[in-house]
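Summary of structural features
Here are the chains, one letter per residue:
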Amino acid sequence: MTEEKFIPKPYSKAVEKGNFTWSSPSNIALVKYWGKKERQIPENPSISFTLNNCKTITKLTFSKKQNHSGFSFEVFLDDEKKDDFKPKIETFFNRVEQYLPFLKDFHFKIETSNTFPHSSGIASSASGMSALALCLMSVEKELVESDVTSSAVEMSDEFFIQKASFLARLGSGSACRSLEGDLVVWGKHDEITGSSDLFGVKYPFEVHENFKNYQDTILLVDKGEKQVSSTVGHNLMHGHPFAQQRFNQANQNLSNLISILKEGDLDAFIALVESEALTLHAMMMTSMPYFILMKPNTLEIINKIWTFRKNTGSKVCFTLDAGANVHVLFPEKEKDGVLKFIKNELVAYCQNGHYISDRIGFGSKLL
Ligand code: PMV
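To keep things clear, this report deals only with the structure shown in the data block. The structure presented is a predicted model; accordingly, all values stated were derived computationally and were not measured.

**A closer look at the overall build of the protein**
- Secondary structure summary: the protein contains eight helices and 14 strands in total.
- At 21 Å, the protein has a C-alpha radius of gyration in line with the 21 Å of a compact globule built from 367 residues.
- A burial count over the protein gives 54% of its 367 residues as buried.
- Surface accessibility of the protein: about 16,300 Å² in total, with carbon and sulfur atoms responsible for 50%.
- Separation between the mean location of the 41 positive side-chain charges and that of the 44 negative ones in the protein comes to 2 Å.

**Quick look at the pattern of salt bridges**
- With the rule as written, the count across this model stands at nine salt bridges.
- With a closest N to O distance of 2.6 Å, glutamate 140 and lysine 163 form a salt bridge. Placement of glutamate 140 in helix α2 (residues 125-144) and of lysine 163 in helix α3 (residues 157-171) is noted, with a sequence separation of 23 residues between them.
- Judged by its relative accessible area of 1%, glutamate 140 falls in the buried class.

**So, the site of the ligand**
- If you check the shell around the ligand, you find 13 residues, and the closest are Tyr33, Ser174, Arg177, Ser230 and His234.
- Within the contact set of the ligand, an oxygen atom lies 2.9 Å away from a backbone nitrogen or oxygen of tyrosine 33.
- Contact distances for the ligand include 3.0 Å between an oxygen atom and a side-chain N or O atom of histidine 234.
- The protein chains hide 91% of the 380 Å² of surface that the ligand would expose on its own.

**Some remarks on the packing of aromatic side chains**
- Under the counting rule described, the total for this entry stands at 23 aromatic pairs.
- Ring plane angle 10 degrees and centroid distance 5.9 Å describe the contact between phenylalanine 20 and phenylalanine 62, whose orientation is recorded as stacked. In this pair, phenylalanine 20 is assigned in strand β1 (residues 17-31) and phenylalanine 62 in strand β4 (residues 46-64), connecting sequence segments 42 residues apart.
- The class for phenylalanine 20 is buried, based on a relative accessible area of 17%.

**A short note on helix α1 (residues 86-96)**
- Three or more residues of α1 are buried, namely Ile89, Phe92, Phe93 and Val96. Each buried residue of α1 sits inside an arc of 100 degrees when the element is viewed along its axis, so together they form one side.
- Tucked into the core, α1 has its buried residues touching β5 (72-77), β7 (106-114), α2 and α3.

**Observations regarding the pairing of β5**
- Pairing analysis gives six bridges linking β5 to β7, with the strands arranged parallel. Looking at β7, one finds that valine 75 is bridged to isoleucine 110.
- Counted between consecutive antiparallel strands, the loop separating β5 from strand β6 (residues 80-81) contains two residues, among which aspartate 78 sits at a positive phi close to 50 degrees.

**Observations regarding the side chain of arginine 169**
- With respect to the secondary-structure elements, arginine 169 resides in helix α3.
- Buried within the structure, arginine 169 lacks any salt-bridge partner; its nearest side chain of opposite charge belongs to glutamate 3, at an N-O separation of 4.8 Å.
- Within the local environment of arginine 169, its side chain forms a polar contact with the backbone oxygen of leucine 198, the two atoms lying 2.7 Å apart.
- Dropping the residues within four chain positions of it, arginine 169 is found in contact with Arg39, Gln40, Ile41, Cys176, Trp186, Asp197 and Leu198.

**Remarks on the packing of α2 against α3**
- Running from N to C, α2 and α3 cross one another at 135 degrees; their axes reach a closest spacing of 8 Å. The orientation of α2 relative to α3 falls into the category oblique. Of the two possible hands of crossing, α2 and α3 adopt the one that is right-handed. Between α2 and α3, the residues in contact are Met129, Ser130, Ala133, Leu134, Met137, Ser138, Glu140 and Lys141 and Phe160, Ile161, Lys163, Ala164, Leu167, Ala168 and Gly171, respectively.
- Along the lines of polarity and charge, the residues of the contact of α2 with α3 split into nine nonpolar, three polar and three charged.

**With respect to the environment of glutamate 3**
- Relative to the helices and strands, glutamate 3 resides in the segment before β1.
- Spatially, the C-alpha atoms of glutamate 3 and lysine 163 are 9.7 Å apart, while their sequence positions differ by 160 residues.
- Contacts of glutamate 3, omitting those with residues within four sequence positions, involve Arg39, Tyr99, Phe166 and Leu198.

**A few points about the nonpolar core**
- Ranked by size, the top nonpolar core spans 78 residues in total, and within it Ile47, Phe93, Phe108, Leu136, Leu257 and Phe269 carry the most contacts.
- At eleven residues, the largest contribution of residues to this core is made by α2.
- Beyond its immediate stretch of four places on either side in the chain, leucine 136 contacts Leu60, Phe92, Phe93, Leu100, Phe102, Leu103 and Phe108.
- Counting residues in each nonpolar core, the second largest holds 23 residues, with Phe308, Val316, Phe330 and Val347 among its members.

**Side note on the packing of α1 against α3**
- Interhelical geometry of α1 versus α3 gives an angle of 130 degrees and a closest axis separation of 9 Å. By the angle between their axes, α1 is oblique relative to α3. Where α1 crosses over α3, the handedness of that crossing is right-handed. In this structure, α1 contributes Phe92, Arg95 and Val96 to the contact, and α3 contributes Leu167, Leu170 and Gly171.
- Split by residue class, the contact of α1 with α3 holds four nonpolar, one polar and one charged.

**Details of the sheet that holds strand β10 (residues 215-219)**
- In spatial order, the strands read β11-β12-β10-β13; together these four strands make up an open sheet with antiparallel pairing. Strands with a single pairing partner mark the edges of an open sheet, and in this sheet they are β11 (317-320) and β13 (355-359). Going across the sheet, the axis of each strand differs from the next one's by a mean of 25 degrees, ignoring polarity.
- Two elements, β11 and strand β12 (residues 326-330), share four bridges in a ladder whose sense is antiparallel. Considered in β12, the bridge of phenylalanine 318 is made with valine 328.

Parameters and conventions
- Residues numbered from 1 in each chain as written.
- Predicted model: local features only at pLDDT ≥ 70, side-chain atom pairs only at ≥ 80, totals over all residues.
- Heavy atoms only, no water.
- Helix = DSSP H or I, 4+ residues; strand = E, 2+ residues; numbered from the N terminus.
- Rg over C-alpha atoms; globule rule 2.2 N^0.38 Å.
- Buried < 20%, exposed > 50% of the residue type's maximum accessible area, 1.4 Å probe, protein only.
- Areas by Shrake-Rupley, 256 points an atom, 1.4 Å probe, with all protein chains shown as cover.
- Lys, Arg positive; Asp, Glu negative; His and termini not counted.
- Charge placed at Lys NZ, Arg CZ, Asp CG, Glu CD.
- Salt bridge = Lys/Arg side-chain N within 4 Å of Asp/Glu carboxyl O.
- Near = heavy atom within 4 Å.
- Polar contact = N/O pair within 3.5 Å; in protein donor to acceptor, adjacent residues only side chain to side chain.
- Phe/Tyr/Trp six-rings, centres within 6.5 Å; stacked < 30°, edge-to-face > 60°.
- Arc of directions from axis to C-beta.
- Contact = heavy atoms within 4.5 Å.
- Pairing = 2+ DSSP bridges.
- Axes fitted to C-alpha atoms, helices over the stretch in contact; angles between N-to-C directions.
- Parallel < 35°, antiparallel > 145°, perpendicular 65-115°, else oblique.
- Left-handed = near helix turned anticlockwise from the far one by under 90°.
- Nonpolar A, V, L, I, M, F, W, Y, C, P; charged D, E, K, R; others polar.
- Core = buried A, V, L, I, M, F, W, Y, C linked by side-chain atoms within 4.5 Å.

This is a description of form; function is not addressed.
Next comes the structure, spelled out in structure tokens:
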């Protein structure tokens, strides 16, 4: 499959103006994506749980403009104009213009808000870029679909989601895993039917009851701006001494996860997921320049989780993204006990005691 598939034929319908609103969630990777080739092609396949409560809601209002010169758009976060968001969106528009040739025909107003605090240190790029990509796909769908009177052209739901994921990937790699749920794979893997480097696909195999409605409580250890952007981090995998071993390991971990998910093997799941999180950070610590994104409280929390697990036999575990916050993962049936443990023992390590209770979700929604 190539990118060509996403270049549209000339649009059949004239559309003057309109608006669409989409909500799209964040996601948390179990096997991590870290390292990419040109055009946001991942060096290794990854898989994530889609979240339910942490999401972005974006309204895109569009109106035809007279000239075709340059992109014309304005961005608002929580009703406040955000000119500092514009360069990222301009870069995104440039990357996707060949796939969305209408971009210069309209003026766009992008109004966005997150259900989680912007300064929480939770990356809003996955939810934000996927919500924007979906709004743009709704515009394209309107331009493509002919009136019922003429020869009806319909965009299939499958193509819509696939192209939206393809576009979201060009905005922020992991954003392509936010459109569906509850498990999404991105990156070609020999054993996973339909997997692609170009977009995320729903995990196609059997998943044991143990992993249904899995819980994720996000402990906000450090709400500051990231010290190292993920773009810089991914680039440091070029020429990294352990890069190839890491990419092989991620492939192997994803293979191993197939039977773990099928059999409901929680111990093997814990070992794989925690090792992935620590390996991600080990890659950062062993790059040149090297950096540490964990904070002392990140380690305090990890140690508390290990002690709790040893003392109680709980199947709680942690994962990390490219920051100091800790995602605490646990089966639904342990909810009461683990939430009590979090309140009694872990909240003290969170900045201002802040944390977010979330769980697995099923992806984006047109509002
Ligand atoms: O989507 P990006 O470029 O911000 O990269 C995200 C990378 C990690 O969150 C660290 C891992 C992942 O697979 O989501």
